[in-house]
Amino acid sequence: SLRPLELGLGVKKRDVGIAAVEALAELAKRDDQAMARLVQALDDDPIEVRAAALAGLEGLYDEKRAEASLIALRSRRPDIRRLALVRCFQRKLLDEAEVQAALRRHEGDGDADVRRTAFLVAVMSRPALAEALRGRDRDLGRQLGERETFGQKVEPAPEGEASEKAEKAEKV
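Residues numbered from 1 in each chain as written. Predicted model: local features only at pLDDT ≥ 70, side-chain atom pairs only at ≥ 80, totals over all residues. Heavy atoms only, no water.

Enquirer: How should I be thinking about the overall build of the chain in this particular structure?
Expert: Secondary structure assignment for the chain yields eleven helices and zero strands. Sequence separation of at least 24 residues holds for 53% of the intrachain contacts in the chain that already meet a minimum separation of 6. Taken as a whole, the chain presents about 10,300 Å² of accessible surface, with 51% of it coming from carbon and sulfur. (Helix = DSSP H or I, 4+ residues; strand = E, 2+ residues; numbered from the N terminus. Contact = heavy atoms within 4.5 Å. Areas by Shrake-Rupley, 256 points an atom, 1.4 Å probe, with all protein chains shown as cover.)

Encoded structure:
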């Protein structure tokens, strides 16, 4: 029975919800009801539970395929749709026809942040275009950098490296 996990998700607490999602992900390998509840968790509160649900789905599918992200793109929550788009980029899945279609579809999303993310991910799928635009528009370059590292811990650049980048940026 999934009742204890349902109760865990129902309290809407980060730690309890994440533990419930992790248990659902384990059960989902062999139980369709657990899989359905894991997909439903993409719309639960708080955001950490939704992100854990996406991570759980990614663990269930082949890492070279976009099924988990495509499922997450059907969420009613814009933060998960944004995360799913970025995860497609981070997992290098942008060459898949289904992902390209999803990018185009979400460029017309009802949420402005999802539309912006879809546009930026589409730009990032073409490295030469992304580099050219970075050099011409600092704000766009910043946004591209934020999407590339979205959801990841970024180590600060060594001081010498940071000053070199600043000097190059001033020359442009």
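Still more ground to cover, so stick around.
Enquirer: Help me out: how do you make sense of the pattern of salt bridges in this one?
Expert: Where side chains of opposite charge bring their charged atoms close, a pairing between them can arise. The tally for this structure, following the rule as stated, stands at 20 salt bridges. For Arg14, the salt bridge goes to Asp15, with nearest N and O atoms at 3.3 Å. With a relative accessible area of 44%, Arg14 lands in the partly exposed category. For Asp15, a relative accessible area of 56% puts it in the exposed group. (Salt bridge = Lys/Arg side-chain N within 4 Å of Asp/Glu carboxyl O. Buried < 20%, exposed > 50% of the residue type's maximum accessible area, 1.4 Å probe, protein only.)

Enquirer: Which parts of the structure should I look at to understand the side chain of Asp43?
Expert: Counting through the fold element by element, Asp43 comes out in the loop between helix H3 (32-40) and helix H4 (47-60). Within polar-contact distance, the side chain of Asp43 engages the side chain of Ser75 at 2.5 Å. If near-sequence neighbours (up to four positions away) are discounted, Asp43 is found in contact with Arg50, Ser75, Arg76 and Arg77. (Polar contact = N/O pair within 3.5 Å; in protein donor to acceptor, adjacent residues only side chain to side chain.)

Enquirer: Before we go on, may I ask you to explain H4 in this structure?
Expert: Working note: α-helix, 3.6 residues per turn, so residues spaced by three or four point in the same direction. Compared with the 20 Å implied by 1.5 Å per residue over 14 residues, the 20 Å span of H4 between its first and last C-alpha is a close match. Buried residues belonging to H4 abut helix H1 (3-10), helix H2 (14-28), H3, helix H5 (67-72) and helix H6 (78-90). (Expected span 1.5 Å × (residues − 1).)

Enquirer: Where do I start with H1 in this structure?
Expert: Taken as a whole, H1 has its buried residues at Leu5, Gly8 and Leu9. Looking straight down H1, one finds its buried side chains confined to an arc of 95°; they lie on one side. Exposed side of H1, more than 90 degrees from the buried face: Arg3, Pro4 and Gly10 are the residues found there. Looking at the packing, one finds that the buried side of H1 touches H2, H3 and H4. Where H1 terminates, the next one or two residues include Lys12, which has phi positive at roughly 60°. (Arc of directions from axis to C-beta.)

Enquirer: Help me understand the environment of Arg91 in this model?
Expert: Its place among the elements puts Arg91 in the loop between H6 and helix H7 (97-106). Residue class for Arg91 comes out buried when judged on its relative accessible area of 15%. Residues Arg91 and Glu63 lie 28 residues apart in sequence; the distance between their C-alpha atoms is 7.6 Å. Arg91 has contacts with Glu58, Asp62, Glu63, Arg65 and Ser69, leaving out every residue within four places of it along the chain.

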